[in-house]
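# Tertiary structure, described
Below are the chains, spelled out letter by letter.
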Amino acid sequence: MKRFSVNSACPCGSGKKYKKCCAPLHKGAFAKNALELMKSRYSAYAISDIKYIIKTSLDKNLDESELKEFSKKCDFQKLEILEFIDGESEAFVTFKASIFCDNIDNSFCEKSRFIKKDNRWLYVDGEFL
Ligand SMILES: [Zn+2]
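Residues numbered from 1 in each chain as written. Predicted model: local features only at pLDDT ≥ 70, side-chain atom pairs only at ≥ 80, totals over all residues. Heavy atoms only, no water.

### Considering the coordination of the zinc ion
How we decide: Nitrogen, oxygen and sulfur within 2.8 Å of a metal are treated as its donors, or within 3.2 Å for sodium, potassium and calcium (Na, K, Ca); water is not counted, so a site can appear incomplete. Square planar and octahedral assignments, for four and six donors respectively, both demand that opposite donors be over 155 degrees apart and that all other angles lie between 65 and 115; tetrahedral needs four donors with all angles between 85 and 135 degrees, and anything else is irregular.
Around the zinc ion, the protein supplies C10 (SG), C12 (SG), C21 (SG) and C22 (SG) as donor atoms, at distances of 2.2 to 2.3 Å. For the zinc ion, the four donor atoms are set out with angles of 101 to 114 degrees between them, so the coordination reads as tetrahedral. For the zinc ion, the donor residues sit on a single chain with the sequence spacing C-x1-C-x8-C-C.

### Some words on the packing of aromatic side chains
Put simply, the rule reads: To pair, rings of Phe, Tyr and Trp, with the six-membered ring standing in for Trp, must have centres within 6.5 Å; the planes then decide the type, stacked if under 30 degrees apart, edge-to-face if over 60, and tilted in the middle. Buried means the residue's accessible area, taken with a 1.4 Å probe over protein chains only, is under 20% of the maximum for its type, while exposed means over 50%, and partly exposed covers the values in between. Whether a charge lies above a ring is judged from NZ of Lys or CZ of Arg, which has to be within 6 Å of the ring centre and within 35 degrees of the ring normal.
According to the stated counting rule, one finds eight aromatic pairs in the structure shown. Seen from their ring centres, F70 and F76 are 5.7 Å apart, and the 85 degrees between their planes marks the pair as edge-to-face. Relative accessible area serves as the criterion here: at 29%, F70 is assigned to the partly exposed category. Overall, F76 belongs to the buried group, its relative accessible area being 6%. Relative to Y123, the ring of F114 lies with its centre 5.7 Å away and its plane at 70 degrees, an arrangement referred to as edge-to-face. Ring-pair connections join several aromatic residues into one group, and the members of that group are Y42, Y45, F70 and F76. Over the aromatic face of F92 sits the side chain of K111, whose NZ or CZ is 5.2 Å from the ring centroid.

### Considerations on the environment of S57
Basically, it comes down to this: For the purposes of this entry, the term helix denotes a DSSP run of H or I that reaches at least four residues, the term strand denotes a run of E that reaches at least two, and both are numbered from the N terminus. Whether two residues are in contact is decided by their heavy atoms: any pair within 4.5 Å suffices. Pairs of N or O atoms are called polar contacts if they sit within 3.5 Å, as long as, within protein, a hydrogen donor faces a hydrogen acceptor (for residues adjacent in sequence, only side-chain-to-side-chain pairs).
Residue position: S57 is located in the loop between helix 3 (50–55) and helix 4 (64–73). Given a relative accessible area of 3%, S57 falls into the buried group. Sequence separation between S57 and K111 is 54 residues, and the spatial gap between their C-alpha atoms is 15 Å. Apart from the residues lying within four places of it in its own chain, the contact partners of S57 are R41, L62, L122 and Y123. Looking at S57, its side chain comes within polar contact range of the side chain of R41, at 3.0 Å.

### What about the pattern of salt bridges?
Proximity of charged atoms lets side chains of opposite charge pair with each other. In plain terms, the rule: A pair is scored as a salt bridge if a Lys or Arg side-chain nitrogen falls within 4 Å of a carboxyl oxygen belonging to Asp or Glu.
All told, the structure shown has four salt bridges when counted by the stated rule. For K51, the salt bridge identified is with E64, shortest N-O distance 2.8 Å. In this pair, K51 sits in helix 3 while E64 sits in helix 4, placing the two residues 13 residues apart along the sequence. For R113, the salt bridge goes to D125, with nearest N and O atoms at 3.3 Å. With R113 in strand 4 (residues 108–117) and D125 in strand 5 (residues 120–128), this pair connects stretches of sequence that are twelve residues apart.

Given below as structure tokens:
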């Protein structure tokens, strides 16, 4: 994303400035639920904060350089939340991500699964719809 600053609109689409939206989560605050975590992960992809993606994934064997390359070559245009199923220790978020990579439309819908571990929500896996 070009010329992004803390005063820019948050990439998650909340309508708030980044510094008042996903920035505190990227700096270490715990997401209060899986939906908030999902949005902050989308924002992290948009600004190439891959450390945050890894930190909030259950799978720690992610390829950081591969994720970085993906986030850099793609333009994360829009996030739409279609469904949120909350739970005590497991939750699901269905969303549509509008993403263009090298000017090709790579938009997709996914139902993501999250679990709460040591009081922190983590991304587990997702199912393409
Ligand atoms: Zn945000």
